[in-house]
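An overview of the molecular structure
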Amino acid sequence: MKNLPFFRVPLVLFLLVLFSSLAYGQCTLKMVYKDGGKEPLITAKPKHDGVYYDLFSEAAKRTGCQLEVSRFPKKRLHEMLKEGKLDFYPGASFSKKRAKYLFYIPNGLDTGEYGVSNASMAELMSYEDLKKHNPIWLMEIGSSKQDKASNLGIKVQDRKFFDLQFVSKYIKRSPDNHYFYVADKELVEYFHSQSGMTISQAGLKVHKNCCGGNQPMFLGFSRHSPHVKEQPNPNYDASKKLSAFNYPTILDRGSIAYKLSQALAAMKSEGVTDTIYKRWFSVN
């Protein structure tokens, strides 16, 4: 800028700041979650506090983006993910149906799905065992478990929002019925802090071996998002079951979604993810 007229120097500096701000603003990662909370992962609308917000804010920053959070009913948000109007859902179970529009990426957290029932139900070792008890399966509208319940011939009772306290109320209100619910292990682990009751005091029983057990947690990234670019997966094996780790495509290294996946992997390796998780689980 040494040779520029003096009056042009502020203008050039202004334009540089403006263009850099615009470049940053163009990279916004749009995270979405349902209206209800799932503490301590995320609080109920309109707040977004919790593990997810801290985790993905840091990951977005490392990717050179900013995080934007939206809350919608589950059915609507999945329609928006299909259309690429939103970028990702922070914690998603893999399903063939949703894999048509979601790309599954490990988010660095560990999770698990446990069965929860009335205390009198015998130990469940698989979903198939449910047929012995003819329960009513409680689940949220739009749950990925709808097809599984249908295939097993299990009656479903759905509503906009369920949590363990709601399940407890259902069981205490109708003690002669068998109820079943699938809860992420985070909800089970946090239940006492949240409710002040133990699982047994709430009239519930946890079945840790029926429904998949512990596993990595994934985020579901919209395959129609402008931040996604895919390429053929050279390691895909069509003879094996379709899964998050065996899928026909992989993320292109130049895409924002790929960079986010690398940021999340680095945070897990560095212990940052575990620190965030423990901080929120020890709040109470």
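In this report, we go over the structure that sits alongside the text. Quantities reported herein were computed from a predicted structural model and do not represent experimental measurements.

The rules behind each value
Residues numbered from 1 in each chain as written. Predicted model: local features only at pLDDT ≥ 70, side-chain atom pairs only at ≥ 80, totals over all residues. Heavy atoms only, no water. Helix = DSSP H or I, 4+ residues; strand = E, 2+ residues; numbered from the N terminus. Buried < 20%, exposed > 50% of the residue type's maximum accessible area, 1.4 Å probe, protein only. Contact = heavy atoms within 4.5 Å. Lys, Arg positive; Asp, Glu negative; His and termini not counted. Charge placed at Lys NZ, Arg CZ, Asp CG, Glu CD. Polar contact = N/O pair within 3.5 Å; in protein donor to acceptor, adjacent residues only side chain to side chain. Pairing = 2+ DSSP bridges. Arc of directions from axis to C-beta. Core = buried A, V, L, I, M, F, W, Y, C linked by side-chain atoms within 4.5 Å. Axes fitted to C-alpha atoms, helices over the stretch in contact; angles between N-to-C directions. Nonpolar A, V, L, I, M, F, W, Y, C, P; charged D, E, K, R; others polar. Salt bridge = Lys/Arg side-chain N within 4 Å of Asp/Glu carboxyl O. Phe/Tyr/Trp six-rings, centres within 6.5 Å; stacked < 30°, edge-to-face > 60°. Lys NZ or Arg CZ within 6 Å of the ring centre and 35° of its normal.

Some thoughts on the overall build of the protein
Regarding its fold elements, the protein presents 8 helices and 11 strands. Principal axes of the C-alpha set define a box for the protein whose edges measure 85 × 45 × 35 Å. Within the span of the protein, comprising 284 residues, buried residues form 46% of the whole. Residue pairs in contact within the protein that sit at least 24 positions apart in sequence constitute 69% of those at least 6 positions apart. Positive and negative side-chain charges of the protein, numbering 41 and 27 respectively, have mean locations separated by a distance of 3 Å.

Details of the side chain of Lys-145
By secondary structure assignment, the location of Lys-145 is in the loop between strand 5 (136–140) and helix 4 (146–152). Classification of Lys-145 as buried rests on a relative accessible area of 10%. Within the structure, Lys-145 has its side chain in polar contact with the side chain of Glu-113 (distance 3.0 Å).

A short note on the pairing of strand 9 (residues 213–222)
For strand 9, a buried count of 7 out of 10 residues is recorded, marking the element as mostly surrounded by other parts of the structure. Sheet topology note: the strand 3 (residues 88–92)/strand 9 ladder contains 3 bridges and is antiparallel. What sits directly across from Ala-92, in strand 9, is Phe-218.

Focus: helix 8 (residues 272–281)
Three or more residues of helix 8 are buried, namely Thr-273, Ile-276, Tyr-277 and Phe-281. The arc that holds the buried residues of helix 8, viewed along the axis, is 125°, so those residues lie on one side. Looking at the buried positions of helix 8, the neighbouring elements they touch are helix 2 (51–63), strand 4 (102–118), helix 6 (185–195) and helix 7 (256–270).

Details of the nonpolar core
Counting residues in hydrophobic clusters, the biggest one holds 49 residues, and the most contacted among them are Leu-29, Tyr-52, Phe-56 and Phe-221. Considering every element that reaches this core, the biggest residue donor is helix 7, with 7 residues. Residues contacting Leu-29, with those up to four places away along its chain left out, are Ala-60, Cys-65, Gln-66, Leu-67, Glu-68, Asp-87, Phe-88, Phe-221, His-227, Ile-256 and Leu-260. Listed in part, the 18 residues of the second largest apolar core include Ile-171, Leu-187, Ala-202 and Leu-204.

Some details on the packing of helix 6 against helix 8
Interaxial distance between helix 6 and helix 8 falls to 11 Å at its minimum, and their mutual angle equals 35°. Residues Lys-185, Glu-186, Glu-189 and Tyr-190 of helix 6 form the contact with helix 8, whose own contacting residues are Tyr-277, Trp-280 and Phe-281. In terms of residue class, the contact of helix 6 with helix 8 is built from 4 nonpolar, no polar and 3 charged.

Let's talk about the pattern of salt bridges
For the structure shown, the criterion picks out 16 salt bridges. Close ionic contact of Lys-45 with Asp-35 constitutes a salt bridge, the shortest N to O distance being 3.8 Å. Taken together, the positions of Lys-45 in the loop between strand 1 (28–33) and helix 2 and Asp-35 in the loop between strand 1 and helix 2 put the pair 10 residues apart, joining distant regions of the chain. According to the relative accessible area criterion, Asp-35 is buried, its value standing at 16%. Because the salt bridges share partners, they merge into one network encompassing Asp-35, Lys-45 and Lys-160.

Some points on the packing of aromatic side chains
On inspection of all chains with the given rule, the structure shows 15 aromatic pairs. Residues Phe-103 and Tyr-247 carry aromatic rings whose centres are separated by 6.1 Å and whose planes lie at 85° to one another, so their mutual orientation is edge-to-face. Of the two residues, Phe-103 sits in strand 4 while Tyr-247 sits in the loop between strand 10 (230–232) and strand 11 (249–251), which places them 144 residues apart along the sequence. Relative to Tyr-181, the ring of Phe-162 lies with its centre 6.1 Å away and its plane at 55°, an arrangement referred to as tilted. One end of the pair, Phe-162, is in the loop between strand 6 (155–159) and helix 5 (164–173); the other, Tyr-181, is in strand 7 (residues 179–184), and 19 residues separate them in sequence. Both residues of the pair, Phe-162 and Tyr-181, count as buried. Three or more aromatic residues link up through ring pairs in this structure, and these residues are Tyr-33, Tyr-52, Phe-56, Phe-88, Tyr-89 and Phe-221. Looking at Arg-159, its charged tip hangs above the ring of Phe-162, at a distance of 5.6 Å from the centre. Of note, Lys-169 hangs over the ring of Phe-166, and the distance from its end group to the ring centre comes to 5.6 Å.

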